[in-house]
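Tertiary structure, described
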Amino acid sequence: MADDATLDPAVHRGLYRTMSLIKQCDDRFRTMLSSGQIFIVYYSPRGQEAISAGVGAHLRPDDSVVTTYRGLHDHLAKGVDLRGLWAEFLGKSTGLCKGKGGPMHITSPSDGLMVTTGIVGAGLPIANGFAMAAQLDGSDAVTVVNFGDGASNIGAFHEAVNLAAIWKLPVVFVCHNNLYAEHTAFEAGTAGGSVAGRASAYGIAGQRVDGNDPVEVYLAAQEAVRRARAGEGPTIVECMTYRFHGHVVGDAMEYQPPDERAAAMAADPVDRYRARLVTDATLTEAELADIDSTIAAEIDDAVEFAQSSPAPDLSELYTDVYAEGVAP
Amino acid sequence: MADDATLDPAVHRGLYRTMSLIKQCDDRFRTMLSSGQIFIVYYSPRGQEAISAGVGAHLRPDDSVVTTYRGLHDHLAKGVDLRGLWAEFLGKSTGLCKGKGGPMHITSPSDGLMVTTGIVGAGLPIANGFAMAAQLDGSDAVTVVNFGDGASNIGAFHEAVNLAAIWKLPVVFVCHNNLYAEHTAFEAGTAGGSVAGRASAYGIAGQRVDGNDPVEVYLAAQEAVRRARAGEGPTIVECMTYRFHGHVVGDAMEYQPPDERAAAMAADPVDRYRARLVTDATLTEAELADIDSTIAAEIDDAVEFAQSSPAPDLSELYTDVYAEGVAP
Amino acid sequence: MTATETTRVMMVREAINDALDRALASDDKVVLLGEDIADPGGGVYGITKGLSTKYGLDRVRPTPISEQAIVGAAIGAAVAGYRPVAEIMIMDFFGVCLDQVANHAAKLRYMSGGQTTVPLTIRCSAGAAMSLGAQHSQMLEAWLVHTPGLKVCIPSNSADAKGMLTTCIFDDDPCVFVEQVMGYFNGSECPEGEHRVPIGEAAIRREGDAITLVSYGRQMNDVLTAADQLAADGIDAEVIDLRWLQPLDTATILASVRKTGRLAILHEAVKRGGVGAEIAAVVAEEAFDSLRAPVVRIAGKNTPVPYARELEAAFLPTVGDLVAAARALVS
Amino acid sequence: MTATETTRVMMVREAINDALDRALASDDKVVLLGEDIADPGGGVYGITKGLSTKYGLDRVRPTPISEQAIVGAAIGAAVAGYRPVAEIMIMDFFGVCLDQVANHAAKLRYMSGGQTTVPLTIRCSAGAAMSLGAQHSQMLEAWLVHTPGLKVCIPSNSADAKGMLTTCIFDDDPCVFVEQVMGYFNGSECPEGEHRVPIGEAAIRREGDAITLVSYGRQMNDVLTAADQLAADGIDAEVIDLRWLQPLDTATILASVRKTGRLAILHEAVKRGGVGAEIAAVVAEEAFDSLRAPVVRIAGKNTPVPYARELEAAFLPTVGDLVAAARALVS
Ligand SMILES: Cc1ncc(C[n+]2csc(CCOP(=O)(O)OP(=O)(O)O)c2C)c(N)n1
Ligand SMILES: Cc1ncc(C[n+]2csc(CCOP(=O)(O)OP(=O)(O)O)c2C)c(N)n1
Ligand SMILES: [Mg+2]
Ligand SMILES: [Mg+2]
């Protein structure tokens, strides 16, 4: 476990805030799903909060983030507008993408949330492009691309990491290793047993960290982001974690040993970190409760906004296929 | 340099025979091209003879080989019929593939030469399939797939090596590292600087050898093939070599330092090995000359056969698109 | 049809599982590979449930997320004499492995001058209506039909799903078998025993002489509903279920159009460059003299598939669209 | 056309180089990436020769053999405000990167509700006649035309090559610009200065009223030759060079067919499911009443492209095929 005392309390507050936001948003989505208030296909990031919080803490609005269908934690850590996000998940006209993208395609360029893709591994090559743009711009902006352990076995991963290494692109490859790709256990699909370990094949830095500890993630990301900003090239950061709610909500999860999941949930990264902050007197129970309740109110507002927003107008089917002037 | 004395003279004879055959075939193709006797797009394997000879020496007819557009050396080392091969290069009805495949698609299942592909990297996933078939058959047959250094940067390489590792497939990945991919120098395209070095990312064996020394290749391939036959999984063997005649015959080769090429040609693996065999008294000059001239006569015959063969009948355009019974 | 006598109601997903089960049982050379296809899940839609338990993980092989490696391994094994059934989880993912499908599976037989053949089947789920957005909802059969060497089919009911998949598996060419997710739970009578549907044979689902309606896949239900509505107006539509898009049963289509003089085509895929275009073109070339009205295509709109339910519904072709178009053609 | 006054004879390959050169010179946001595109070679066909020397390796970036990485990087940079021109060396290699092209470049604008746009150009060489066999000779534009969100074009001469490529580069959508290798060395007059061809505008290359001949790319020369031969028989063909396959200039096609009543389409790509099918379908739907004869497609045969020269020639559509078809339609 990383030494919490090395960090400023404001950093802890920020990390906790993000984690609480992710957890509460996720809780709300799942509650609304199970109560039948909404019908969406939902990929829960619950259990993986510490990764997005620890990485996101280093990012500026002009830094780019690319993520996947299981991206809610990354979206929130990048500061995406909560109302627009909820409305997009619910397919409303007021959604970030006017209801046309949906949860798998959340985009918010003003926050630097550039691409969310549903194709495993496909975000990595695109992330290189944002990094290349920054390099050409002469800016020190970095790009973070998030992906799962299973994604490390697809061709796009390899091509992208190799290109980033060759071009010394300012990109950080963040693997959320939650030990499963759909029903497939990490070791069953991934030869060599380590995603970060693959970094050496490309002559770049790679580090595996406890992805359930926001401070460990924070410190690893700090170094990776520093390296990228300094023009020293890409890093693979592999964050070991666990999906609490299977691949998709509704997943029978038969393929997971039940105690494995129970153990992971017992060591809930959000609860654990919260307890630690209190024990270490970094933040008081009252301060934390205040953060939690402020967030709860924000979520209430966003849910209300999303639910009361109108569906997209049917004419929207035909817009945005091409830039102005060309009919679809 | 490997110790030649460890090998039986019959092995040396076989290695030399294959190398001489490749060299002489290649010489003939290039002579006929430069004299305008034939018009084909030709990817010369000259300089890379030792690799195919050293690997091929371990292969049985029921072992499978997959290779690329630059595959003549691999075809010959697998024992493909010379007449059929020449006729196919010349697009004749008597070609191995009836003139429909051409040099980039030489196939000869009776010899175990299963696939020649023109798509960089695409042979590796397919090779796994032959290896999987052997595994299912319970046979100890192995599959060798040949590819270039440049191919190690494409997605198919990664997916195939990972799958072979996971499934412990009896496959040997033979990289012909001739330091260039078309105009691109190896180091400019390949992060990490070593293809064999990438093996550890997948937890499999990898070895880099002097690909210009048939004995070194022979010994490395021996171990890789043994491992595959024994069910111990795949190996990457990276054979360092040089293309004498650029990417394609006619290539201006401006991107190559002229002395680099001159040095490589001065250390011609075929000449060097031939001289060594004489010096070591492994084979006599007369024996070697006899091998050379026997091959020359075989090539004369194959060229004559190919040139005098008819073009494919136009009806062949429509056959072999589907198995019997379905019109194209 | 080689149907046995006894049938029972099966859902399409059961029929597919049954076809796979029987193929694995009857021929050792049949092997399955794909992501997550093993038990306990038996695939994300449960289509392969029970099979890895019954036939072992050697023959029902779960894979990493590596579509090129999946199709490539299946190709090699097929050339080596196996009859692999590879699963591409969702049709949109052909994008990451089309080289293996189109440049290798489809062409190896031709490029080898007939020396090798690729008895491979690729199954994939496909289609819209689940609000999965632009990258998980596409019907891409037109890409495959434009690739000589492939056979392509989409069943509309359980009996065909079972019979066509069995035919694909035992066919000596690479076949793509497309499973629309929204059709998985449709139930209908299905032969219980061995069952095959001959390659390239369309089925006439309803006879009529006023107009020919051509479609395939789960949309056949919509087309039959449309035909009922038209019949109520006294318009007697002939309804053709193509089943196979390649080989395409042009003889059946042309014969029908020669009788009715009118043609409307419906499919879920995007209209522009869809399979409907090929059908319209064949008819405009070969049955021109019989045509008494414009050839109409009702299809997915020329847009990516949107997420919001209302927009997704607007993307899809509807019964109403077809009825209106048919009425206009006949009047 | 925004052509300047002065022109000179350029080969298509020079015109492409010129367009790239001017785009790089006029806008810092234009960057090139692709395999072997840097000097001294300037690409395997020398198309990008001189550009890396002039603009540096930051802006003219040679890449590893990683088509997904090439297109992906170009997409990201495009969304970030650059105007990347990515080269896919040969069109057949779209098979290894179609996910990036079809699921990402084509859809990001739509999926983001218009928040991002992808001003990307993909150039590729393409086509048969060099005896390069089944995997290096394909025309695959139909795959792209079936993918909403992409723009697709194929020039037939130097002026269009320059003008259309320039238009693609400065267009805000992802465009695929297809260069037939056999056309690279064709020379014709080309504007020397800034030149753009408007998106989606076909060109009428010859006016006539007996039959409409539609084609695109290097085959336009064959079509014009056919038109000459027909004229010698007193058959006055109208010849349309589509230039853009998406957006397709249906207005120009339909107007012509309404005048002539007859249509023959020629393209190099495989006939089944080719772009000719879409054109035939549009006409059979929208100009049916004007049609006086079947719509005919002359195209690549429904086979992989064979290696042997004789077979490859038999694969390709010919002037003779078109003349014969046109005569039959008119008689
Ligand atoms: C190319 C591709 N293949 C398959 C899928 C189907 N699929 C969606 S998520 C997933 C598992 C991904 O696992 P991992 O990368 O570990 O991410 P996680 O879901 O665990 O976050 C698969 C196979 C896909 N979306 N894209
Ligand atoms: C997927 C793909 N991309 C690009 C090409 C074009 N191409 C043909 S050979 C070649 C270079 C390959 O280099 P390497 O793998 O080192 O093999 P070598 O030619 O040196 O034997 C390239 C880029 C191709 N055939 N396939
Ligand atoms: Mg995972
Ligand atoms: Mg090389």
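Here the residue numbering is sequential within each chain, running from 1 through the sequence in written order. Chains and ligands are labelled by the order in which they are written, letters from A for the one and numbers from 1 for the other. The predicted nature of this model means local features are confined to residues of pLDDT at least 70 and side-chain atom pairs, given and counted, to a pLDDT of 80 or more, with totals for whole chains, interfaces and linings taken over all residues. Calculation of side-chain values draws on the structure's entire complement of heavy atoms; hydrogens and water are dropped beforehand.

Now for the interface of chain C and chain D. Throughout, a contact is declared for two residues whenever any of their heavy atoms are within 4.5 Å. Taken together, the contact between chain C and chain D spans 50 residues of the former and 50 residues of the latter. Simply put, the buried area is the total loss of 1.4 Å probe accessible area from both parts when two parts are fitted together. Of the roughly 4,500 Å² buried at the junction of chain C and chain D (both faces included), carbon and sulfur atoms supply 60%. Among the residues of chain C in contact with chain D, Trp 143, His 146 and Arg 272 of chain C are the three that bury the most area, contributing 17% of the side total. Salt bridges, as used here, are contacts in which a Lys or Arg side-chain nitrogen is within 4 Å of a carboxyl oxygen on Asp or Glu. Summed over the shared surface of chain C and chain D, the result is 6 salt bridges. A salt bridge links Glu 285 of chain C to Lys 271 of chain D; the nearest nitrogen and oxygen atoms lie 3.6 Å apart. Here a polar contact is recorded for every N or O atom pair within 3.5 Å, except that within protein the pair must consist of a potential hydrogen donor and a potential acceptor, and residues adjacent in sequence are included only if both atoms are side-chain atoms. One can count 27 residue pairs in polar contact (both at pLDDT 80 or more) joining chain C with chain D. Taken together, the elements giving at least two residues each to the side of chain C that touches chain D come down to helix H4 (98–105), helix H5 (108–111), helix H6 (141–145), strand E13 (263–270), helix H10 (275–286) and strand E14 (296–300) of chain C. The residue makeup of the side of chain C that touches chain D, split by class, is 28 nonpolar, 13 polar and 9 charged. The numbering of helices and of strands both runs from the N terminus, where a helix is a DSSP run of H or I of at least 4 residues and a strand a run of E of at least 2. Each residue gets one of three labels, nonpolar for Ala, Val, Leu, Ile, Met, Phe, Trp, Tyr, Cys and Pro, charged for Asp, Glu, Lys and Arg, and polar for the others, Gly among them.

Working definition: residue near molecule or strand if any one of its non-hydrogen atoms lies within 4 Å of it. Surveying the vicinity of ligand 1 reveals 21 residues, the closest of which are Tyr 69, Arg 70, Gly 150 and Asn 178 of chain A together with Glu 67 of chain C. Proximal residues around ligand 1 fall on chains A and C, making this an inter-chain site. Separating an oxygen atom of ligand 1 from a side-chain N or O atom of Arg 70 of chain A is a distance of 2.8 Å. A distance of 3.0 Å separates an oxygen atom of ligand 1 from a polar atom in the backbone of Ala 151 of chain A. Each accessible area is a Shrake-Rupley estimate made with a 1.4 Å probe; only the visible protein chains count as cover when residues are assessed. In isolation ligand 1 offers 580 Å² of accessible surface; the protein chains occlude 97% of this area. Broken down by class, the residue content of the shell around ligand 1 amounts to 10 nonpolar, 6 polar and 5 charged.

A separate point is the side chain of Ser 256 of chain C. Residue and element names in this part refer to chain C. Tracing the chain through its elements places Ser 256 in helix H9 (residues 250–260). A relative accessible area of 1% places Ser 256 in the buried class. Side chain to side chain, Ser 256 and Thr 212 meet in a polar contact 2.7 Å long. In this structure Ser 256 touches Thr 212, Glu 238 and Ile 240, once residues within four positions along its chain are discounted. Classification of residues uses two cut-offs on accessible area relative to the type maximum, computed with a 1.4 Å probe and protein chains only: under 20% is buried, over 50% is exposed, and between them is partly exposed.

With that out of the way, let us pick up the site of ligand 2. Contacts to ligand 2 come from 21 residues, most closely from Tyr 69, Arg 70, Gly 150 and Asn 178 of chain B together with Glu 67 of chain D. Around ligand 2 the close residues trace back to chains B and D. Within the contact set of ligand 2, a nitrogen atom lies 3.0 Å away from a backbone nitrogen or oxygen of Val 120 of chain B. The protein chains hide 97% of the 580 Å² of surface that ligand 2 would expose on its own. Within the shell around ligand 2, the residues separate by chemical class into 10 nonpolar, 6 polar and 5 charged.

Next up on the list: the nonpolar core. Think of a nonpolar core as a cluster: buried Ala, Val, Leu, Ile, Met, Phe, Trp, Tyr and Cys residues, connected wherever their side-chain atoms sit within 4.5 Å. Membership of the largest hydrophobic core comes to 208 residues, with the highest contact counts inside it found for Phe 94 of chain C together with Phe 94 of chain D. Look past the residues within four positions of Phe 94 of chain D in its chain and what remains in contact with it is Ile 88, Val 101, Ile 122, Cys 124, Leu 144 and Val 176 of chain D. Formed by 60 residues, the second largest nonpolar core is a distinct cluster that contains Ile 40, Ala 221, Val 225 and Val 270 of chain A.

Structural alignment of chain C on chain D gives an RMSD of 0.0 Å, achieved by rotating through 180 degrees and translating 0.0 Å along the axis. Taken together, these values place the two copies in the relation of a two-fold axis. When the interface residues of chain C are mapped onto chain D, 100% of them again fall at the interface, so both copies present the same face. Least-squares superposition aligns the copies on the C-alpha atoms of those residues with pLDDT at or above 70 in both.

Quick look at the environment of Ala 50 of chain B now. Residues and elements named next belong to chain B. With respect to the secondary-structure elements, Ala 50 resides in helix H2 (residues 49–56). Ala 50 sits in the buried class, given a relative accessible area of 0%. Separated by 168 residues in sequence, Ala 50 and Tyr 218 place their C-alpha atoms 8.7 Å apart. Ignoring any residue separated from it by four or fewer positions in sequence, one finds Ala 50 in contact with Met 19, Gly 211, Asn 212, Asp 213, Pro 214 and Val 217.

This part is about helix H1 (residues 12–26) of chain C. Helix span, expected: 1.5 Å multiplied by one less than the number of residues in the helix. Between its terminal C-alpha atoms H1 of chain C stretches 21 Å, which fits the 21 Å expected from 15 residues at 1.5 Å a residue. Every buried residue belonging to H1 of chain C is among Val 12, Ala 15, Ile 16, Asn 17, Asp 18, Ala 19, Leu 20, Asp 21, Ala 23 and Leu 24 of chain C, and all of these are buried.

Strand-to-strand pairing in sheets goes through backbone hydrogen bonds, with the strands running parallel or antiparallel. Residues and elements named next belong to chain B. In space, the 6 strands of this open sheet follow the order E2-E1-E3-E4-E8-E7, with parallel pairing throughout. Of all strands in the sheet, those bounded by a partner on one side alone are strand E2 (113–117) and strand E7 (205–210). Adjacent strand axes in the sheet meet at a mean angle of 15 degrees, parallel and antiparallel pairs treated alike. Note on pairing: DSSP must find at least two bridges between two strands before they are called paired. As paired strands, strand E1 (residues 64–68) and E2 are joined by 4 bridges and run parallel to one another. Opposite Val 66, over in E2, you have Val 115 as the bridge partner. Under this scheme, a helix contributes an axis fitted over its contacting stretch, all axes are lines through C-alpha atoms, and angles between N-to-C directions fall in the 0 to 180 degree range. Against the sheet, helix H5 (residues 123–137) engages E1, E2, strand E3 (143–148) and strand E4 (171–177), with an angle of about 175 degrees to E3. Strands E3, E4 and strand E8 (235–240) of the sheet are contacted by helix H6 (residues 155–166), whose axis makes an angle of about 145 degrees with E4.

Now for the coordination of the magnesium ion (ligand 4). Residue and element names in this part refer to chain B. Any N, O or S atom lying within 2.8 Å of the metal counts as a donor, and for Na, K and Ca the limit rises to 3.2 Å; water is left out, so some sites can look incomplete. Every protein donor of the magnesium ion (ligand 4) is listed here as Asp 149 (OD), Asn 178 (OD1) and Tyr 180 (O), and their distances to the metal cover 2.0 to 2.1 Å. Between the donor residues of the magnesium ion (ligand 4), the gaps in sequence give the motif D-x28-N-x1-Y. Residue Asp 149 is located in the loop between E3 and H6, and its partner Tyr 180 is located in strand E5 (residues 180–181); the two are separated by 31 residues in the primary sequence. Taken individually, Asp 149 and Tyr 180 each receive the classification buried, so the pair is uniform in this respect.

Quick look at the coordination of the magnesium ion (ligand 3) now. Residue and element names in this part refer to chain A. Listed as protein donors to the magnesium ion (ligand 3) are Asp 149 (OD), Asn 178 (OD1) and Tyr 180 (O); their distances from the metal cover 2.0 to 2.1 Å. The motif formed by the donor residues of the magnesium ion (ligand 3), counted along the single chain, is D-x28-N-x1-Y. Like Tyr 180, Asn 178 is buried.

Turning next to the environment of Ile 38 of chain B. All names here are of chain B. Within the fold, Ile 38 resides in the loop between helix H1 (9–34) and H2. Residue classification places Ile 38 among the buried positions, given a relative accessible area of 6%. Measuring from C-alpha to C-alpha, the distance between Ile 38 and Gln 307 comes to 9.4 Å, with 269 residues separating the pair along the chain. If sequence neighbours within four positions are ignored, Ile 38 has contacts with Phe 29, Met 32, Leu 33 and Leu 90.

Here we take up the interface of chain B and chain D. Contacts between chain B and chain D engage 40 residues on the former and 32 residues on the latter. Taking both sides of the interface into account, the surface hidden between chain B and chain D amounts to around 2,700 Å²; carbon and sulfur atoms contribute 65%. Taken as a group, Ile 119, His 183 and Leu 317 of chain B account for 21% of the area that chain B buries against chain D, more than any other trio of residues on that side. Across the chain B-chain D interface, the total number found is 9 residue pairs in polar contact (both at pLDDT 80 or more). Along the lines of polarity and charge, the residues of the side of chain B that touches chain D split into 22 nonpolar, 12 polar and 6 charged.

Quick look at the packing of aromatic side chains now. Only the six-membered ring of Trp is used, alongside the rings of Phe and Tyr, when aromatic pairs are assigned; centres must lie within 6.5 Å, and planes under 30 degrees apart are stacked while those over 60 apart are edge-to-face, with the rest tilted. One pass over the full model with this rule turns up 20 aromatic pairs over all chains. Aromatic pair Tyr 180 of chain B and Tyr 242 of chain B: ring centres 6.2 Å apart, planes at 90 degrees, arrangement edge-to-face. Separated by 62 residues along the polypeptide, Tyr 180 of chain B in strand E5 and Tyr 242 of chain B in the loop between E8 and helix H9 (258–266) bring together distant segments of the chain. By the ring-pair criterion, three or more aromatic residues cluster together here, those being Phe 29, Tyr 42, Trp 86 and Phe 89 of chain A. The criterion is that NZ of a Lys, or CZ of an Arg, lies within 6 Å of the ring centre and within 35 degrees of the ring normal, and then a charge sits over that ring. A cation over a ring is seen here: Lys 100 of chain A above Tyr 110 of chain D, with NZ or CZ 4.6 Å from the ring centre.

We now examine helix H4 (residues 82–89) of chain A. All names here are of chain A. Counted residue by residue, H4 has 7 buried out of 8 residues, so it is predominantly covered. Three or more residues of H4 are buried, namely Leu 82, Gly 84, Leu 85, Trp 86, Ala 87, Glu 88 and Phe 89. Its buried side turned inward, H4 meets helix H1 (9–34), helix H3 (72–77) and helix H11 (285–308). Where H4 ends, the next residue or the one after it, Gly 91, has phi of about 70 degrees, a positive value.

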